[in-house]
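Report on the structure
Next come the chains, spelled out residue by residue.
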There are 2 protein chains.
Amino acid sequence: MPPRLSVSFIAGPSGPWSVEDLTPIVGGGLPAAPRLAVYEGNEALNANYAWVLRGVTSHERYVERVERERLVAREPGLGRAEATRAALIPIRKSEAWWELPQDERRAIFEARSRHIAVGLDYLPAVARRLHHCRDLGAPFDFLTWFEFAPSDEAAFDELVARLRKTEEWTYVEREIDIRLAR
Amino acid sequence: MPPRLSVSFIAGPSGPWSVEDLTPIVGGGLPAAPRLAVYEGNEALNANYAWVLRGVTSHERYVERVERERLVAREPGLGRAEATRAALIPIRKSEAWWELPQDERRAIFEARSRHIAVGLDYLPAVARRLHHCRDLGAPFDFLTWFEFAPSDEAAFDELVARLRKTEEWTYVEREIDIRLAR
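Fair warning: this is a prediction, and the values are worked out from it, not measured in the lab.

Parameters and conventions
Residues numbered from 1 in each chain as written. Chains lettered and ligands numbered in written order. Predicted model: local features only at pLDDT ≥ 70, side-chain atom pairs only at ≥ 80, totals over all residues. Heavy atoms only, no water. pLDDT = per-residue confidence, 0-100. Salt bridge = Lys/Arg side-chain N within 4 Å of Asp/Glu carboxyl O. Buried < 20%, exposed > 50% of the residue type's maximum accessible area, 1.4 Å probe, protein only. Helix = DSSP H or I, 4+ residues; strand = E, 2+ residues; numbered from the N terminus. Contact = heavy atoms within 4.5 Å. Buried area = accessible area lost by both parts, 1.4 Å probe. Polar contact = N/O pair within 3.5 Å; in protein donor to acceptor, adjacent residues only side chain to side chain. Nonpolar A, V, L, I, M, F, W, Y, C, P; charged D, E, K, R; others polar. Least-squares fit on C-alpha atoms with pLDDT ≥ 70 in both. Phe/Tyr/Trp six-rings, centres within 6.5 Å; stacked < 30°, edge-to-face > 60°. Pairing = 2+ DSSP bridges.

Topic: the confidence of the model for chain A
Mean pLDDT over chain A works out to 95, with 98% of the residues at or above the 70 mark. For this predicted complex, the interface score ipTM comes out at 0.91, while the overall pTM is 0.93.

Digging into the pattern of salt bridges
Considering all chains together, one arrives at 38 salt bridges over all chains under this definition. The salt bridge involving R179(A) is made with D177(A); its shortest N-O contact spans 2.7 Å. Assigned by exposure class, R179(A) and D177(A) land together as buried. In this structure, R92(B) engages E173(B) in a salt bridge whose closest nitrogen and oxygen atoms are separated by 2.8 Å. One end of the pair, R92(B), is in strand 5 (residues 85-93); the other, E173(B), is in strand 8 (residues 172-181), with 81 residues separating them in the sequence. With a relative accessible area of 36%, E173(B) lands in the partly exposed category.

Some points on the interface of chain B and chain A
The interface is formed by 26 residues belonging to chain B together with 26 residues belonging to chain A. For the pairing of chain B and chain A, the buried interface totals around 2300 Å² over both sides, and the portion due to carbon and sulfur atoms is 45%. Interface area lost by chain B to chain A is led by R4(B), H59(B) and D135(B), which between them contribute 26%. At the boundary of chain B and chain A, one finds six salt bridges. Across the pair R65(B) and E104(A) runs a salt bridge, and its minimum N-O distance is 2.7 Å. Remark: the boundary between chain B and chain A carries 16 residue pairs in polar contact (both at pLDDT 80 or more). Breaking the side of chain B that touches chain A down by element, the ones donating at least two residues are helix 1 (65-74), helix 2 (95-99) and helix 3 (102-112) of chain B. Of the residues forming the side of chain B that touches chain A, the biggest block, four residues, is contributed by helix 3 of chain B. The residue makeup of the side of chain B that touches chain A, split by class, is eight nonpolar, five polar and 13 charged.

Considerations on unusual backbone geometry
Residues and elements named next belong to chain A. Following L123, the chain continues into P124 via a peptide bond in cis, with omega recorded as 5°. With respect to the helices and strands, P124 occurs in the loop between helix 4 (115-120) and strand 6 (127-132). Look at R114: it is not a glycine, yet its phi comes out positive at around 55°. You can see R114 is positioned in the loop between helix 3 (102-112) and helix 4.

Focus on the relation of the copies chain B and chain A
Least-squares fitting of chain B to chain A yields an RMSD of 0.0 Å, with the transformation described by 0.0 Å of translation along the axis and a rotation of 180°. With respect to symmetry, the two chain copies, as superposed, fit the operation of a two-fold axis.

Examining the packing of aromatic side chains
All names here are of chain A. Within this structure, the stated rule accounts for 18 aromatic pairs over all chains. Between Y62 and W97 the ring centres are 6.5 Å apart and the planes differ by 65°, which places this aromatic pair in the edge-to-face class. Here Y62 is found in the loop between strand 4 (51-56) and helix 1 (65-74), whereas its partner W97 is found in helix 2 (residues 95-99), with 35 residues between them in sequence. Look at Y62 and you get buried, because its relative accessible area is 8%. Overall, W97 belongs to the buried group, its relative accessible area being 0%.

Here's the deal with the pairing of strand 8 of chain B
Residue and element names in this part refer to chain B. In terms of burial, strand 8 is largely enclosed, as nine of its ten residues are buried. Examined bridge by bridge, strand 2 (residues 17-26) and strand 8 share seven bridges and lie antiparallel to one another. For P24, the partnering residue across the bridge sits in strand 8 and is I176. In terms of strand pairing, strand 5 meets strand 8 through seven bridges, oriented antiparallel. In the sheet register, R92 faces strand 8, and the bridge partner there is R174.

Following this line, the structure appears as structure tokens:
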């Protein structure tokens with residue numbers, strides 16, 4: 001398990017990532033900004049920022065032992081030289097989702113939506129880090145950061161398209177797909 | 001499910017609850033203070049406070065549908081007139097706990113430690129509200145608040161004694177038992 005990190009995604013005039021596209025999939029979008037910086041820690045904000053999203057890496061909420069072993073065997077780390085494309089996908093799920101007990105959320109997440117199994121189909125091409133922010137009182141529940149090579153962008157498009165057709169995604173009430181390049 | 005609340009427990013010279021006892025069960029304690037106030041929301045701090053602990057009510061991490069139905073049928077709300085005794089128990093679990101996948105944490109929590117089943121034995125005498133703070137970067141993972149009548153204090157003592165003997169509690173690396181009266 002990676003160390004627990006507080007991570008800030010700061011959009012504005014500067015940062016190593018160029019914002020190529022910002023598409024609201026469901027619910028409201030975010031202001032346009034040319035660049036994005038990712039800081040580990042609660043970085044102080046420059047006055048010129050357009051928006052900031054913060055989350056924390058945390059323990060697993062649904063993944064079971066055998067699934068973790070499959071993930072760990074195949075998932076790459078962040079920062080690969082060839083991974084010059086990224087996506088930041090903030091998501092908020094509905095109150096109806098959060099009111100479900102753990103067993104029913106798990107059944108929708110994996111038994112019926114195959115969230116982990118679908119993700120495995122895109123490993124090791126797509127690196128991923130999940131940040132939680134629901135308990136922080138943020139407007140989103142999760143911020144997921146993905147990194148991949150330009151030649152894997154079509155595969156990444158397929159991955160998010162498959163997830164968006166699942167039962168789990170019927171509980172997503174806000175989602176923004178932010179694509180980046182460095 | 002109750003609304004999501006950010007709750008502050010502020011110990012210091014004032015507040016409706018008198019701190020009767022503050023016992024470190026494992027790990028470090030907290031400074032002594034005569035009174036405690038519980039605020040729903042991020043209450044501004046008076047300069048005289050001794051310590052503050054904050055957490056948020058959140059969705060269930062382990063409870064399944066049938067267990068929730070049993071709990072909801074029996075658990076009382078906070079603020080009963082006769083419940084003039086309370087306990088605030090901050091807990092932090094070890095990294096070894098948080099590194100376990102969900103299925104193994106659930107197995108220890110309920111299949112082997114019977115956390116929910118033991119708690120049910122003390123309903124409706126003991127009212128309870130759980131606050132999460134691990135993802136907030138706090139020194140504790142959970143703050144649990146209990147309310148009961150003076151005549152149920154011995155039953156409450158038995159409840160915490162039973163839980164402290166479980167396998168789950170072998171993962172507790174800091175726990176303080178704070179008893180209060182109003």
